[in-house]
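The lines below spell out each chain.
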Amino acid sequence: MTDDFISIGKITSTFGLKGFLKVASSGDILSSLAVNSIIYLSSDPRAKSYKLLEIRKDKNQFIIALEGFKSIEESEKLIGRILYFPKLQSEKLLEPNEYFTHQLIGLKPYNGNVIYSEFTLLEIIDNPV
């Protein structure tokens, strides 16, 4: 896997008969994407890209439609695959002084006066309400 891409979710199942996919999000990039965003099914920069035709939140997952997948039979082949998004493009989704959770991993805590160098953020656990 190359460092140029970040995993944004895993395809867990199909949804309906028209090729929609259910995706379990990993991190917070997927929730920031809009229609016509380009995503990948591989972290290889030479891999084929896919246009996001539709995206919506459904409970704790996302329902998406990808260009080129119009039936349940085509989409079933993608179950278990990981979705990727280019890291450099993810930074363009943020406002000034905003960060994605993956950008915080490895940082040292700071309380306004002191950097606690003996501690490092290792993971962020999402606690859905």
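Now for a quick tour of the structure.

### Digging into the layout of surface pockets
Inference 1: Each pocket or cavity is described by its volume, and for the largest pocket that value is around 420 Å³.
Inference 2: Around the largest pocket, the lining is made up of 17 residues, and of these Ser25, Ser26, Gly27, Asp28 and Asp126 lie nearest the centre.
Inference 3: For the lining of the largest pocket, the secondary structure elements donating two or more residues are strand 2 (20-25), strand 5 (61-66) and helix 3 (101-104).
Inference 4: Here the lining of the largest pocket is composed, by residue class, of five nonpolar, eight polar and four charged.

### Considering the nonpolar core
Inference 1: In terms of nonpolar packing, the biggest core is built from 22 residues, with Ile8, Leu33, Ile39, Ile64, Leu66 and Leu83 touching the most fellow members.
Inference 2: Secondary structure elements with two or more residues in this core: strand 1 (5-15), strand 2, strand 4 (49-58), strand 5 and strand 6 (82-86).
Inference 3: Look past the residues within four positions of Leu66 in its chain and what remains in contact with it is Leu21, Ile39, Tyr50, Lys51, Leu52, Leu53 and Leu78.

### Points about the packing of aromatic side chains
Inference 1: This model, assessed by the stated rule, comprises two aromatic pairs.
Inference 2: Both rings, one in Phe5 and one in Tyr40, keep their centres 4.9 Å apart while their planes meet at 75 degrees; by these two values the pair is edge-to-face. Residue Phe5 is found in strand 1, and its partner Tyr40 is found in strand 3 (residues 38-40); the two are separated by 35 residues along the sequence. A single burial state applies to Phe5 and to Tyr40, both of which are buried.
Inference 3: It is Lys48 that lies over the ring of Tyr50; its NZ or CZ is 4.8 Å from the centre.

### Thoughts on the environment of Glu123
Inference 1: Looking at the secondary structure, you find Glu123 in the segment after helix 3.
Inference 2: With 21 residues separating them along the chain, Glu123 and His102 place their C-alpha atoms 8.6 Å apart.

### So, the environment of Asn113
Inference 1: Structurally, Asn113 can be placed in the segment after helix 3.
Inference 2: With relative accessibility at 71%, the residue Asn113 sits in the exposed group.
Inference 3: The sequence separation of Asn113 and Lys87 amounts to 26 residues, and the corresponding C-alpha distance is 31 Å.

### A word on unusual backbone geometry
Inference 1: The backbone of Asn36 sits at a positive phi, close to 80 degrees, despite the residue not being glycine.
Inference 2: With respect to the element layout, Asn36 can be found in the loop between strand 2 and strand 3.
Inference 3: The class for Asn36 is partly exposed, based on a relative accessible area of 48%.
Inference 4: Non-glycine residue Lys59 carries a positive phi angle of around 60 degrees.
Inference 5: With respect to the helices and strands, the residue Lys59 is situated in the loop between strand 4 and strand 5.
Inference 6: Looking at Lys59, the relative accessible area reads 74%, which means it is exposed.

Rules behind the numbers
Residues numbered from 1 in each chain as written. Predicted model: local features only at pLDDT ≥ 70, side-chain atom pairs only at ≥ 80, totals over all residues. Heavy atoms only, no water. 1 Å grid on protein atoms, 1.4 Å probe; cavity = no way out; pocket = protein on both sides within 12 Å on 5 of 7 lines; lining within 4 Å. Points joined across faces, edges and corners; volume = space filled by probe spheres on them. Helix = DSSP H or I, 4+ residues; strand = E, 2+ residues; numbered from the N terminus. Nonpolar A, V, L, I, M, F, W, Y, C, P; charged D, E, K, R; others polar. Core = buried A, V, L, I, M, F, W, Y, C linked by side-chain atoms within 4.5 Å. Buried < 20%, exposed > 50% of the residue type's maximum accessible area, 1.4 Å probe, protein only. Contact = heavy atoms within 4.5 Å. Phe/Tyr/Trp six-rings, centres within 6.5 Å; stacked < 30°, edge-to-face > 60°. Lys NZ or Arg CZ within 6 Å of the ring centre and 35° of its normal.

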